[in-house]
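Residue-level structural notes
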Amino acid sequence: TVFDIEYVSRAQTATSVVQYSWNGSVAFNKSSMLVPNGTYVLKLRVLKALGDENNPADWETWTSPVITINHP
């Protein structure tokens, strides 16, 4: 898990963009650790408004293009 957000607000306008950054770390055993160098994809899952989290049809999913992590 990179991060878990309970609520994401709407963008200010129809053409606005909401951005999040990722520094190559993940949550692990209540702490944070850097992932090993390699290629990754990020999977974003969002529960639709008033959706049932137990119903797969109520989730929207997006998978990023491949991201390469190469820590110095």
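Each value, and the rule that gives it
- Residues numbered from 1 in each chain as written.
- Predicted model: local features only at pLDDT ≥ 70, side-chain atom pairs only at ≥ 80, totals over all residues.
- Heavy atoms only, no water.
- pLDDT = per-residue confidence, 0-100.
- Helix = DSSP H or I, 4+ residues; strand = E, 2+ residues; numbered from the N terminus.
- Buried < 20%, exposed > 50% of the residue type's maximum accessible area, 1.4 Å probe, protein only.
- Contact = heavy atoms within 4.5 Å.
- Patch = residues over 30% accessible without salt bridge, like charges linked within 9 Å, V, L, I, M, F, W, Y side chains within 5 Å.
- Areas by Shrake-Rupley, 256 points an atom, 1.4 Å probe, with all protein chains shown as cover.
- Salt bridge = Lys/Arg side-chain N within 4 Å of Asp/Glu carboxyl O.
- Lys, Arg positive; Asp, Glu negative; His and termini not counted.
- Charge placed at Lys NZ, Arg CZ, Asp CG, Glu CD.
- Phe/Tyr/Trp six-rings, centres within 6.5 Å; stacked < 30°, edge-to-face > 60°.
- Lys NZ or Arg CZ within 6 Å of the ring centre and 35° of its normal.
- Pairing = 2+ DSSP bridges.

**Section: the confidence of the model for the protein**
- Scored by pLDDT, the protein comes out at a mean of 87, with 100% of its residues at no less than 70.
- For the protein, the element scoring lowest by mean pLDDT is strand β1 (residues 25-28), at 83; strand β5 (residues 59-63) scores highest, at 95.

**Examining the side chain of Ser25**
- Considering the arrangement of structural elements, one finds Ser25 in strand β1.
- On the accessibility criterion, Ser25 (13% relative accessible area) is buried.
- With residues up to four places along the chain from it excluded, the contact list for Ser25 reads Val2, Ser32, Met33 and Leu34.

**A word on a negative patch on the surface**
- A cluster of acidic residues, Asp4, Glu6, Asp52 and Glu53, forms a negative patch on the protein surface.
- Note on placement: Asp4 falls in the segment before β1.

**Quick notes on the environment of Val18**
- Relative to the assigned elements, Val18 resides in the segment before β1.
- In sequence terms Val18 and Arg45 are 27 residues apart; their C-alpha atoms lie 15 Å from each other.

**Here's the deal with the packing of aromatic side chains**
- Following the criterion strictly, the structure yields one aromatic pair and no others.
- Aromatic pair Trp22 and Tyr40: ring centres 6.2 Å apart, planes at 80°, arrangement edge-to-face. Of this pair, Trp22 sits in the segment before β1 while Tyr40 sits in strand β3 (residues 38-40); the two residues are 18 residues apart in sequence, bridging distant segments of the chain.
- For Tyr40, a relative accessible area of 24% translates into the label partly exposed.
- Above the face of the Trp59 ring, Arg45 is positioned so that its terminal group lies 4.1 Å from the ring centre.

**Some thoughts on the pairing of β1**
- Two strands pair when backbone bridges link them, and β1 and strand β2 (residues 31-34) are joined in this way by four bridges, in the antiparallel orientation. Bridge pairing in β2 places Phe28 opposite Ser31.
- Counted between consecutive antiparallel strands, the loop separating β1 from β2 contains two residues, among which Asn29 sits at a positive phi close to 50°.

**Re the pattern of salt bridges**
- Applying the stated rule across the entire model yields one salt bridge.
- The closest approach of N and O atoms between Glu60 and Lys48, which form a salt bridge, is 3.6 Å. Taken together, the positions of Glu60 in strand β5 and Lys48 in the loop between β4 (43-47) and β5 put the pair 12 residues apart, joining distant regions of the chain.
- Lys48 gets classed as partly exposed once you look at its relative accessible area, which sits at 36%.

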